[in-house]
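# Results of the structural survey
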Amino acid sequence: MCEDMEVKICLIGMGNVGTCFLQLLKEKQDNIRVNFNFNCKLVAIFEHDGALIDNDGIDLDNLLDDNTNLRKNQHWKSNVKAQDLISTLNIDICIETTPTNPNTGEPALTHIIEALNKKIDVISSNKAPFYLHYKKIQDLAKKMNSLVKFEATVASCVPAISIKKSLIGNTISRISAILNGTNNYILSRMTTEGISFSVALKEAQELGYAETDPTLDISGYDAAGKLVIISNELLGWSKSIEDVKIKGITKITPHALELAKLDDYVIKHLAIAEGNNLIVEPRLVKRDSPLNIQGTINLIELQTKYAGSIILIGKGAGGFEAASAILNDLINIVQKRGGL
Amino acid sequence: MIYLEVKLPDIPGSLIELIKPVSQNGGNIHGILHHHDKKINNMIPVNIWFELSEELIEISLKNIKKGLMEKNIQLIKISVGSKNKILTFILTGHVFDTDITETIKRLDSRNIKVLELHAKFTEIDEISSVIMKVEFPEDMTKFELTNEIEKICKEKNLFLIRS
């Protein structure tokens, strides 16, 4: 790759994260050109009901002025599927942000496999393909000499995965993390206000911190998926969500929280990787522990052999947060491909 | 806990020279004892005990020993004490209906001693919670201890939250 190189990308899924990514790309375009010496050309956007494909490059200004312009565009094709067309596109990087089934990883999994099979580098914000089929995806990427990046899948823009590069000379021995903002908000409110789980959940739903169906969060499944991904990446494992011992937060009572206070503890929903085990469960944590964070924040504590504890902390969700992680991945891929 | 025994000359400033390599390598000093009564040839035995981060214990100890040697401090003994084998946990469910006394006896039969117990409940037959602090044998791992407690929890349908 040389100066003023053109990187052709496609976006699958123009929901909140996808739209935020396009806005960020538009905002940062000049900066990317000046600092990283490449232009990003968006040649395709796939949605559930069709696709906008324009090999000359999609006009981001027009598209972002009004979302309905997507389907009004002369190049819009209805009823076409990304999985059928990925292999026909002339692109360098496929960005995958579709709403995905947490139990099957579809349709994201198929999109990722299709792209890798065509030697296209992939960036995804979808967790499920990685906590279900991590090894299969990594093996395929290796076989096809393609790159696959997924920083946004764990704690959004907090560099939970890319920190690996910064700790290459160290050894990570244990991960303790708070990976679900909804659960941390509920437990924080139960602790400070003495309210029941159901009241705290209702409050979280009213504030938009919890889904209408919060099962994936409160059961611990969401945190377990993220734990699998960071453990595989940082500890070199190849585990799946089936390997995680999971307990949710629904059985935590105000009484239990009061008793914890007696001994200067709080109850936190932790995701832990230690020994050869993956555990997601409520744990007693000392009140002065760095793990005692409040609200919807995510935290990842890495125990290292040569530098003790290293802690990452920040917002674990949000459209622009995820979009910035995707853009990081994109720049990293171009740099790795020799774009500088 | 790390226990260190050295011999220091009975002159001003020698204690600081001992403390420097310990604190510079992350040692959290818990105590120092001078044995003036055991002074021989102007040398006093001194015991110092401190904590080190578990992750860095190996490298820190190496550096401390090196620091002491560079300062010509005579090292008599260094030992790493066993960790305090205590675990705190909460049980939630029908803790009393499922016979808390039997639960304690079961733990005791495995040499797991309940040191403290506090309870919260509204009605005796309603869902309640207890917090327990237990001491467990040195040769039992935390993982093994948790397994023992979890066996009881599974049988009695109790929810375990441990430290």
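In case you missed it, the structure is sitting above this.
To start, this report covers the structure provided alongside it. Only a predicted model underlies this, so the values are computations on that prediction, with no experimental measurement involved.

## Thoughts on the overall build of chain A
Along chain A, the regular secondary structure elements total 13 helices and 13 strands. Taken over C-alpha atoms, the radius of gyration comes to 21 Å for chain A, in line with the 20 Å a tight globule of 340 residues would show. Its C-alpha atoms give chain A principal-axis dimensions of roughly 65 × 45 × 35 Å. Partitioning the intrachain contacts of chain A with sequence separation of at least 6 by distance along the chain shows that 70% fall at a separation of at least 24. Put simply, chain A shows about 14,300 Å² of open surface, and 47% of that area lies on carbon and sulfur atoms.

## Here we look at the overall build of chain B
Broken down by element type, chain B carries four helices and eight strands. For 163 residues, the compact-globule estimate of 2.2 N^0.38 gives 15 Å, and chain B exceeds it by more than 25% at 23 Å. For the C-alpha atoms alone, the extent of chain B along its principal axes is close to 70 × 30 × 25 Å. Sorting the 163 residues of chain B into buried and exposed places 37% on the buried side. Accessible surface, chain B as shown: approximately 9,500 Å² in total, 50% of it carbon and sulfur. For chain B, the centre of its 22 positive side-chain charges and the centre of its 24 negative side-chain charges are spaced 7 Å apart.

## Some remarks on the pattern of salt bridges
Residues and elements named next belong to chain A. Enumeration according to the criterion identifies 31 salt bridges over all chains in this entry. Close ionic contact of Glu 47 with Arg 71 constitutes a salt bridge, the shortest N to O distance being 3.7 Å. Of this pair, Glu 47 sits in strand E2 (residues 38-47) while Arg 71 sits in helix H3 (residues 69-72), placing them 24 residues apart in sequence. Relative accessible area serves as the criterion here: at 22%, Glu 47 is assigned to the partly exposed category. Between Lys 202 and Glu 206 there is a salt bridge; the shortest N-O distance is 3.4 Å. Of this pair, Lys 202 and Glu 206 both sit in helix H9 (residues 197-206), four residues apart, roughly one helical turn. Using a relative accessible area of 52% as the deciding quantity, one classes Lys 202 as exposed.

## Describing the packing of helix H1 (residues 16-36) of chain A against helix H13 (residues 319-336) of chain A
A packed helix pair is summarised by two numbers, namely the angle formed by the two axes and the spacing between the axes. Residue and element names in this part refer to chain A. Where H1 contacts H13, the two axes come as close as 8 Å, and the packing angle between them is 45 degrees. With respect to each other, H1 and H13 are oriented oblique. Viewed along their axes, H1 and H13 form a crossing whose handedness is right-handed. Every residue of H13 that contacts H1 at Asn 16, Val 17, Cys 20, Phe 21, Gln 23, Leu 24, Leu 25, Lys 28, Ile 32 and Phe 36 is listed here: Gly 319, Phe 320, Ala 322, Ala 323, Ser 324, Ile 326, Leu 327, Leu 330, Ile 331 and Gln 335. Its residues assigned to classes, the contact of H1 with H13 comprises 14 nonpolar, five polar and one charged.

## Observations regarding the interface of chain B and chain A
At the junction of the two partners, chain B supplies 23 residues and chain A supplies 27 residues. Summing the contributions of chain B and of chain A, the shared interface buries around 2,100 Å²; its carbon and sulfur component is 63%. Summed over the three residues of chain B that lose the most area to chain A, namely Glu 55, Lys 120 and Phe 159 of chain B, the buried surface amounts to 29% of that side. Our count for the contact surface shared by chain B and chain A stands at four salt bridges. The closest approach of N and O atoms between Glu 150 of chain B and Lys 245 of chain A, which form a salt bridge, is 2.8 Å. Counting the contacts that link chain B with chain A gives five residue pairs in polar contact (both at pLDDT 80 or more). In terms of residue class, the side of chain B that touches chain A is made up of 12 nonpolar, six polar and five charged.

## Some details on a negative patch on the surface
All names here are of chain B. Taken together, Asp 97, Glu 123, Asp 125 and Glu 126 make up a surface patch of like negative charges. If you trace the backbone, Asp 125 turns up in the loop between strand E6 (113-120) and strand E7 (128-135). Looking at Asp 125, the relative accessible area reads 45%, which means it is partly exposed.

## Remarks on the packing of helix H8 (residues 181-193) of chain A against H9 of chain A
All names here are of chain A. Taken N-terminus to C-terminus, the directions of H8 and H9 make an angle of 125 degrees; their axes are 9 Å apart at the nearest point. The angle between H8 and H9 places the two elements in the oblique class. Crossing angle aside, the handedness with which H8 passes H9 is right-handed. Contacts between H8 and H9 involve Tyr 185, Ile 186, Arg 189 and Met 190 on the former and, on the latter, Phe 197, Ala 200, Leu 201, Glu 203 and Ala 204. Per-class residue counts for the contact of H8 with H9 are seven nonpolar, no polar and two charged.

## What about the state of the cysteines?
Evaluation of the coordinates by the stated rule reveals zero disulfides over all chains. Unpaired in this structure, Cys 40 of chain A has its nearest cysteine sulfur neighbour in Cys 10 of chain A, at a distance of 11 Å.

## Considering the sheet that holds strand E5 (residues 93-96) of chain A
Hydrogen bonds between backbone groups are what pair the strands of a sheet, and the pairing can be parallel or antiparallel. All names here are of chain A. On the basis of which strands lie adjacent, the open sheet formed by seven strands has the order E4-E3-E2-E1-E5-E6-E7 and mixed pairing. At either end of the open sheet lies a strand with only one pairing partner, and these are strand E4 (76-78) and strand E7 (148-149). Summarising the sheet, strand E1 (residues 5-12) and E2 pair through eight bridges and their orientation is parallel. Opposite Glu 6, over in E2, you have Asn 39 as the bridge partner.

## What to know about the pairing of strand E10 (residues 265-274) of chain A
Residues and elements named next belong to chain A. When you tally the buried positions in E10, you get nine out of 10 residues, the bulk of the element. Sheet topology places strand E8 (residues 172-178) next to E10; three bridges connect them, and they run antiparallel. Residue Ser 176 lies in a different strand from E10, and its bridge partner there is Ile 272. Strand direction decides the pairing type here: E10 and strand E11 (residues 277-286), joined by 10 bridges, are antiparallel. By the bridge assignment for E11, Leu 270 is matched with Glu 281. Between E10 and E11, which follow one another and run antiparallel, lie two residues, and Gly 275 among them has a positive phi close to 60 degrees.

## Comments concerning the nonpolar core
Residue and element names in this part refer to chain A. If you look at the biggest cluster of nonpolar residues, it comprises 60 residues, and the most contacted ones within it are Phe 46, Ile 175, Leu 179, Ile 230 and Ile 300. Discounting residues that sit within four places of it in the chain, Phe 46 has contacts with Cys 10, Leu 11, Ile 12, Gly 13, Met 14, Ala 51, Ile 53, Lys 81, Ala 82, Leu 85 and Leu 89. Leu 52, Trp 76, Ile 93 and Ile 333 belong to the second largest nonpolar core, which has 36 residues in total.

Reading the values: rules and limits
- Residues numbered from 1 in each chain as written.
- Chains lettered and ligands numbered in written order.
- Predicted model: local features only at pLDDT ≥ 70, side-chain atom pairs only at ≥ 80, totals over all residues.
- Heavy atoms only, no water.
- Helix = DSSP H or I, 4+ residues; strand = E, 2+ residues; numbered from the N terminus.
- Rg over C-alpha atoms; globule rule 2.2 N^0.38 Å.
- Contact = heavy atoms within 4.5 Å.
- Areas by Shrake-Rupley, 256 points an atom, 1.4 Å probe, with all protein chains shown as cover.
- Buried < 20%, exposed > 50% of the residue type's maximum accessible area, 1.4 Å probe, protein only.
- Lys, Arg positive; Asp, Glu negative; His and termini not counted.
- Charge placed at Lys NZ, Arg CZ, Asp CG, Glu CD.
- Salt bridge = Lys/Arg side-chain N within 4 Å of Asp/Glu carboxyl O.
- Axes fitted to C-alpha atoms, helices over the stretch in contact; angles between N-to-C directions.
- Parallel < 35°, antiparallel > 145°, perpendicular 65-115°, else oblique.
- Left-handed = near helix turned anticlockwise from the far one by under 90°.
- Nonpolar A, V, L, I, M, F, W, Y, C, P; charged D, E, K, R; others polar.
- Buried area = accessible area lost by both parts, 1.4 Å probe.
- Polar contact = N/O pair within 3.5 Å; in protein donor to acceptor, adjacent residues only side chain to side chain.
- Patch = residues over 30% accessible without salt bridge, like charges linked within 9 Å, V, L, I, M, F, W, Y side chains within 5 Å.
- Disulfide = S-S within 2.5 Å.
- Pairing = 2+ DSSP bridges.
- Core = buried A, V, L, I, M, F, W, Y, C linked by side-chain atoms within 4.5 Å.

Just geometry here; none of it tells us what the structure is for.
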